[in-house]
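# Summary of structural features
The primary structure of each chain is shown beneath.
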Amino acid sequence: MLLKLVAAASLLLTFTPASHLPATPATPASLPVTAAPAAAESGWLTKYRALEAQIGHTAYNNPDSANLAWGESYIMRSYLDVYAATGDTAWLDKLVTHADTVIADADDIDGDGFLGWSTGRYSPPELANSSFETAASGDTTLPASWTRFQDTGSHIYRTTDVPSGTGSRSVRVVSDQTKWKKLRQKIGSSYAGGTKHLLRAWGKRTGSVVGRVVLRDGSTTLCMLEFASTAWQFKETTCDVPAGRAPEVWLEHASYTVSGSAYFDDVRLSGIFPYIVHDGMIGIPIAEFVRLVAKTPALAGYNAKAATYRAFLENELVPRWEHSAYLGNTWNGTSYQQPPDVDTFSHTRAYDDLPFNMSLAFANLLNVLHEVNGDPAYLDRATRIAQWTKSHLTSSSGAYVWKYATYASQKEDLSHGNVDLSAIVENHRRGQVFTAADMTAFTKTFKDNMWNGSTSAPVFSLYVDGTGVANGVDYFLHSWLELAEFDRQVYTLAATKYANFTPTNASHLITLSRLLRLE
């Protein structure tokens, strides 16, 4: 698919898809032979290998975009780090295996003609009072926003029998063996449809009934969950939901002629959507591989693979955020914004801006690709987003402080700050927007604001202004480590923190790979 952007005023540019060692003298047989000691492997590489063997294979087969963005992308980027440190192309082969699978699993969930990845994890709920915590006005047995079918409350009512961790109320539907007893809710007016949705619920039964959560469009069943266990179970399924319809969710029995009760809790319906931050995060290591191959003649054996990846990124991933007929154009001339044509975060949002990390992740992807394809539109977008971000930084005693989003009161957190800094460091290294003085200010953020001052037991705050307890999040240091380029103590502090730490997840893995690469 080859698409072009049409320039709109001066803000819109066009995306163009597009050894041999000398012989050793013989040793006389009468003399003892002493082998030269092998070079010791870096302790960081040893730690990295151990963790990669545990978790390196756990994320890339799961196509959920949140899993790929916040897990697999770090694993793939760590392979690039270890290759840079060791020169061992086996790590690039691992990346290729992962990237091939990730790209093969890309979907066109909304039918807009562009491939990418998607999730139902962040989309707005389509059901009100989904956990039945709120009672209807005048009837404490009926959950608000729900309507009984063929019952006045004797067989359908709220109860305190709930699965662990879901709240304080569930709903019980009792069979009277003579007629249907059901609870229902029509999807609200903000519902869009036209994409797959995720139906989720907890349920259980007593007696002979089978409980059902059914999404119906009139008399047509779109999808259904069934509960036949006497213990609480969580289930989910995907539903193809047409646009322009007003489906209903029904809580019911499979048959009204048998005795027993069905219990339901935390019944949720939400759209499965793409998110620009996920496309950016997943795309970055793939683009970095493409750039590495393009700039490294010794890696010419990977040229065909890199060309395939580049075509996918340039023809599918990048243009959909300005040309999707389902999402709408998310570029506003300054940064990327929430999709104008469908609510992927909230039905009641009072703002269009995305958090800084979301636009910056995609800007990072564009910047890396621009170094390969030279497309001025890629550079334009990445530069404008960097300028937008820089305009929202404030200086406090020489250290930068910024918010999670333009509309937020909360400051940026350490974890999402990794995403921000990855893009900012990429800009700086390419001589764009962020100067050496800016990088010194970010370094002061880390050392003066966030660090507790201990060189033997360093701890870092949750937020960039020095507030908040990180509770382990301060082991997520991969992009903060890049500031070691400007102050070597950043590396020393991270290395001290990891010296006796047992890493367990992908954020730890990429931090280990950065400790190795920057050693």
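Here the structure is shown first, and the text comes after it.
Calculation notes
Residues numbered from 1 in each chain as written. Predicted model: local features only at pLDDT ≥ 70, side-chain atom pairs only at ≥ 80, totals over all residues. Heavy atoms only, no water. Phe/Tyr/Trp six-rings, centres within 6.5 Å; stacked < 30°, edge-to-face > 60°. Helix = DSSP H or I, 4+ residues; strand = E, 2+ residues; numbered from the N terminus. Buried < 20%, exposed > 50% of the residue type's maximum accessible area, 1.4 Å probe, protein only. Contact = heavy atoms within 4.5 Å. 1 Å grid on protein atoms, 1.4 Å probe; cavity = no way out; pocket = protein on both sides within 12 Å on 5 of 7 lines; lining within 4 Å. Points joined across faces, edges and corners; volume = space filled by probe spheres on them. Nonpolar A, V, L, I, M, F, W, Y, C, P; charged D, E, K, R; others polar.

Tallied over the full model, the rule gives 24 aromatic pairs. Centroid distance W180 to Y256: 5.0 Å. Interplanar angle 75 degrees. Geometry classified as edge-to-face. Of the two residues, W180 is situated in the loop between β5 (170–174) and β6 (182–186) and Y256 in the loop between β11 (248–253) and β12 (260–271); the sequence distance between them amounts to 76 residues. Here the aromatic cluster, defined as three or more aromatic residues joined through ring pairs, consists of Y400, W402, F434 and F442.

Mapped onto the elements, Y122 comes out in the loop between α3 (90–104) and β1 (135–136). Classification of Y122 by relative accessible area gives partly exposed; the value is 32%. Considered as a pair, Y122 and T344 are 222 residues apart in the sequence and their alpha carbons are 7.4 Å apart. Here Y122 is in contact with A66, W70, Y275, H278, T344 and F345, once residues within four sequence places are set aside.

Turning our eyes to something else, we now look at the layout of surface pockets. Over the atoms, a rolled probe matching the size of one water molecule traces out where space is still vacant. When its volume is computed, the largest pocket comes out at roughly 510 Å³. E288, R291, E426, R429 and R517 are, among the 18 residues lining the largest pocket, the residues nearest its centre. Listing elements by their share of the lining of the largest pocket, those giving two or more residues are α2 (65–86), α4 (276–295), α9 (414–429) and α12 (506–517). Of all the elements, α2 adds the most residues to the lining of the largest pocket, at five residues. Of the residues contributing to the lining of the largest pocket, the split by class is five nonpolar, two polar and 11 charged. In terms of lining residues, the second largest pocket is bounded by 13 residues, among which D64, S118, T119, G120 and L198 are the most central.

Read these as spatial facts, not as claims about activity.
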